[in-house]
Amino acid sequence: FMSQTILTFPLAMDPTINDSNHSIGERQTLDIPLLANKSDDMTSSSFLLFRVPGNRRLVLLQPSLFLRKTALVVVASYALLPLLVYKSSLPGALYAALLVLIHVGVLFVYLYRVQFGALDVDRISLGGRVLGLVVTVWLLTVVSGWQDHDHVGILAAQMLVLCFVHTVVLMLLMVAVEIDSSSDDEDEENEAEDNKELV
């Protein structure tokens, strides 16, 4: 069998880890496979981004899948570059067909294996996500409108902004809002310690 190469990135210390296999303060790592397995995306663990007030936390679901999606969207965005440059020399039907094909491909990448049922825990987070998607889709139309089609260098630089907005869309579809149970555990531990001191 072919061995799989893993890239390991050190992350911040997580003081909440405390079980038989991990010590308190163990450093978290994010392992990203260069070659994906078939079951890789469904079994990869989530990645904690940060905690927010209100006993909530933001978690990136399937980080390796997110990175591959981002790479595909960047490739698809820059695939538009030669299409826009040679627009005048291409038949109208061919240009339209290629444009539709690229956009359908990006839409497929957006929605591929998105766990819609695991993204939000209440209506507030769902409403914020929907609002964010509406704003980013509007930004995509704006960015597409002010691109300079006459200068390739400027157009290539402007594509970076387009790729950034695409990445934000991917994050809105793959970053979940979860209930932070670790904060409850910390509160219970603090209460237990206070009770011991009183006794």
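In what follows, the structure referred to is the one given above.
The notes below deal with the structure included here.

Parameters and conventions
- Residues numbered from 1 in each chain as written.
- Predicted model: local features only at pLDDT ≥ 70, side-chain atom pairs only at ≥ 80, totals over all residues.
- Heavy atoms only, no water.
- 1 Å grid on protein atoms, 1.4 Å probe; cavity = no way out; pocket = protein on both sides within 12 Å on 5 of 7 lines; lining within 4 Å.
- Points joined across faces, edges and corners; volume = space filled by probe spheres on them.
- Core = buried A, V, L, I, M, F, W, Y, C linked by side-chain atoms within 4.5 Å.
- Buried < 20%, exposed > 50% of the residue type's maximum accessible area, 1.4 Å probe, protein only.
- Helix = DSSP H or I, 4+ residues; strand = E, 2+ residues; numbered from the N terminus.
- Contact = heavy atoms within 4.5 Å.
- Pairing = 2+ DSSP bridges.
- Axes fitted to C-alpha atoms, helices over the stretch in contact; angles between N-to-C directions.

Regarding empty space enclosed by the protein
- A complete count under the given rule lists one cavity of 30 Å³ or more for this structure.
- The volume enclosed by the largest cavity comes to roughly 30 Å³.
- Along the walls of the largest cavity sit Leu 61, Gln 62, Arg 113, Val 114, Gln 115, Leu 173 and Met 174, which together make up its complete lining.

So, the nonpolar core
- Counting 32 residues, the largest nonpolar core has Leu 80, Leu 84, Tyr 110, Leu 140, Met 159, Leu 173 and Met 174 as its most contacted members.
- Within the residue set of this core, elements represented by two or more residues are β4 (56-60), α2 (63-85), α3 (92-111), α4 (123-145), α5 (152-174) and β5 (175-179).
- Leu 173 has contacts with Tyr 110, Val 114, Phe 116, Leu 119 and Leu 133, leaving out every residue within four places of it along the chain.

Quick look at the sheet that holds β4
- Taken in spatial order, the three strands of this open sheet run β3-β4-β5, and their pairing is antiparallel. For this open sheet the edge positions go to β3 (47-52) and β5, each flanked by a neighbour on one side alone. Ignoring which end each strand starts from, the neighbouring axes of this sheet average 30° apart.
- With five bridges joining them, β3 and β4 adopt antiparallel strand pairing. Counted as the bridge partner of Arg 51 is Arg 57 from β4.
- Docked against the sheet, α5 engages β4 and β5, running at close to 35° with respect to β5.

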